[in-house]
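The residues making up each chain are set out below.
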Amino acid sequence: MIGLGSLIRTMLLSAAIVAFAPIAAADPYEADPDLATRDEDYAAGRKMVDVGNWAEAVRLFKRTELRNPDHADVQNVLGFGYRNLKQYELALRHYRRAIEIDPRHRGAHEYIGETYLSTGDLAAAERHLAALKEICLLPCDELENLEGTIAKFRRTK
């Protein structure tokens, strides 16, 4: 026979799993996964990212930014596009803006850390790794990805 305490713990655990399931299903790099359904330039920009057309992705994301200047995901993808164009200062500016808007934006912390590594700034990358360790109470892809990138950076230096 199951005791009342055990039954309550099981019910609470089940409720927690149901409550956090949508969070786990969301795109880890987007705080607002529905933006693509509301903004066709953003959706088209994401398609350009998928095929590696960085210049066109940036052009489309800049159009989205005109309508959504204070949207962390827009700033994050602009940073991503610029990073892939090797325009690191522009990438860093957009990542910083994304983090200013949403200090807990996991994708922006991962990507800015990777960008800092591209410029040789290990200390700055480690600061964003520390931020992800504070943000990700459970293991998250962004934390694991940045840890792996930092480890690879250290092996090559």
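Residues numbered from 1 in each chain as written. Predicted model: local features only at pLDDT ≥ 70, side-chain atom pairs only at ≥ 80, totals over all residues. Heavy atoms only, no water.

This part takes up helix H3 (residues 40-51). Quick reminder: α-helices carry 3.6 residues per turn. Residues three or four places apart thus point the same way. Between its first and last C-alpha, H3 extends 17 Å over 12 residues, near the 16 Å set by a 1.5 Å rise per residue. Three or more residues of H3 are buried, namely Asp41, Tyr42, Gly45 and Val49. All buried residues of H3 project into a common sector of 95° when viewed along the axis, lining one side. Along H3, exposed side chains directed more than 90 degrees from the buried face belong to Glu40, Lys47, Asp50 and Val51. Against the buried residues of H3 lie helix H2 (35-38), helix H4 (54-67) and helix H5 (72-84). Looking at where H3 begins, the residue whose side-chain oxygen comes 3.0 Å from the main-chain nitrogen of Asp41 is Asp39. (Helix = DSSP H or I, 4+ residues; strand = E, 2+ residues; numbered from the N terminus. Expected span 1.5 Å × (residues − 1). Buried < 20%, exposed > 50% of the residue type's maximum accessible area, 1.4 Å probe, protein only. Arc of directions from axis to C-beta. Contact = heavy atoms within 4.5 Å. Polar contact = N/O pair within 3.5 Å; in protein donor to acceptor, adjacent residues only side chain to side chain.)

Our next topic: unusual backbone geometry. Its identity is not glycine, yet Lys86 carries a phi of approximately 65°, on the positive side. Along the chain, Lys86 falls in the loop between H5 and helix H6 (88-101).

Let us now look at the side chain of Asp32. The topology assignment puts Asp32 in the loop between helix H1 (4-25) and H2. Its relative accessible area of 18% is what places Asp32 among the buried residues. What Asp32 contacts, discounting residues up to four positions off in sequence, is Arg38, His71 and Asp73.

Before going further, it helps to examine the state of the cysteines. Under the defined criterion, the tally for this structure stands at 1 disulfide. With its sulfur 1.9 Å from that of its partner, Cys136 forms a disulfide with Cys140. For the disulfide bridge between Cys136 and Cys140, the dihedral angle about the S-S bond is near 65°, and by the sign convention the bridge is right-handed. Cys140 carries the same exposure label as Cys136, and that label is buried. (Disulfide = S-S within 2.5 Å.)

Attention now goes to H4. Compared with an ideal rise of 1.5 Å per residue, which puts 14 residues at 20 Å, H4 spans 20 Å between its outermost C-alpha atoms and is within 8% of the ideal. For H4, the set of buried residues is Trp54, Ala57, Val58, Leu60, Phe61, Thr64 and Glu65. Structurally, H4 contributes buried residues whose contacts are with H3, H5 and H6.

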